[in-house]
Amino acid sequence: GRSPGGEPDGAVEIGTASLVANSPVLTNTALFDQEVNVGEQLRIRGNVYDVVRNSVEVQAISVSRIAGQADDYFYQIEVTIDGVTETTACLMFDASSVDVEQA
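Overview of the structure.

## Details of the overall build of the protein
In terms of regular secondary structure, the protein is built from one helix and eight strands. Here the C-alpha atoms of the protein give a radius of gyration of 21 Å, more than 25% beyond the 13 Å that 2.2 N^0.38 yields for 103 residues. Seen through its principal axes, the protein has C-alpha atoms that stretch 65 × 30 × 25 Å. Relative to its full complement of 103 residues, the protein shows a buried share of 7%. Pairs at least 24 residues apart make up 8% of the contacts formed inside the protein by residues separated by at least 6 positions. Only carbon and sulfur atoms are counted for the fraction: they give 49% of the accessible area of the protein, which is about 8900 Å².

## Observations regarding the pairing of strand β1 (residues 16-19)
Of the strand pairs in this sheet, β1 and strand β2 (residues 26-30) are connected by three bridges, and their pairing is antiparallel. Looking across to β2, one finds that L19 is bridged to L26. Hairpin remark: β1 followed by β2, antiparallel, with six residues in the connecting loop; positive phi at N22, about 65°.

## A word on the environment of A89
With respect to the secondary-structure elements, A89 resides in the loop between β7 (84-87) and β8 (91-92). Spatially, the C-alpha atom of A89 lies 32 Å from that of V52, the residues being 37 residues apart in sequence. If we ignore the near neighbours within four places in the chain, the residues touching A89 are Y75, Q76 and A103.

## A word on the pairing of strand β4 (residues 47-50)
Each regular strand carries side chains that alternate between the two faces of the sheet. Relative to β4, strand β3 (residues 41-44) runs antiparallel, the two being bridged by four bridges. Each bridged residue has a counterpart across the sheet, and for Q41 the counterpart in β4 is D50.

Conventions we followed
Residue positions are given per chain, counted from 1 along the sequence in the order it is written. The predicted nature of this model means local features are confined to residues of pLDDT at least 70 and side-chain atom pairs, given and counted, to a pLDDT of 80 or more, with totals for whole chains, interfaces and linings taken over all residues. With hydrogens and water excluded, all non-hydrogen atoms of the structure serve as input to the side-chain values. Elements are defined by DSSP. Helices are runs of H or I of four residues or more, strands are runs of E of two residues or more, and each kind is numbered from the N terminus. A radius of gyration in this sense is built from C-alpha atoms; the matching globule rule multiplies 2.2 Å by the number of residues raised to 0.38. For every residue, the accessible area obtained with a 1.4 Å probe (protein chains only) is divided by the maximum for its type, and the residue is called buried under 20%, exposed over 50%, and partly exposed between those limits. Two residues form a contact once any of their heavy atoms are found within 4.5 Å. To be clear on the numbers: accessible area is Shrake-Rupley with a 1.4 Å probe, and residue cover counts the displayed protein chains and nothing else. Strand pairing follows a simple DSSP-based rule, namely that at least 2 bridges must link the two strands.

In structure tokens:
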């Protein structure tokens, strides 16, 4: 049997891209509204490649305080992407990445 994408091995076409020999970069991508995530695999001309990077940007935030300052709710993070602004709840100085995601 074939998959809904028509491939006998269950592969699904998610789009097209251009590549240059010996380069790890895909260009001119048209991915049919699909996101390619780190850790996934792509099959190009029968060869399977692991995705180790994508164009998703990761931001690092560093927060510091004066010595002796007690831990408390110190700050919020505000981000604007494509004209849409989101603001976290107040965060503790030593907030973990999970705390930030849930805020």
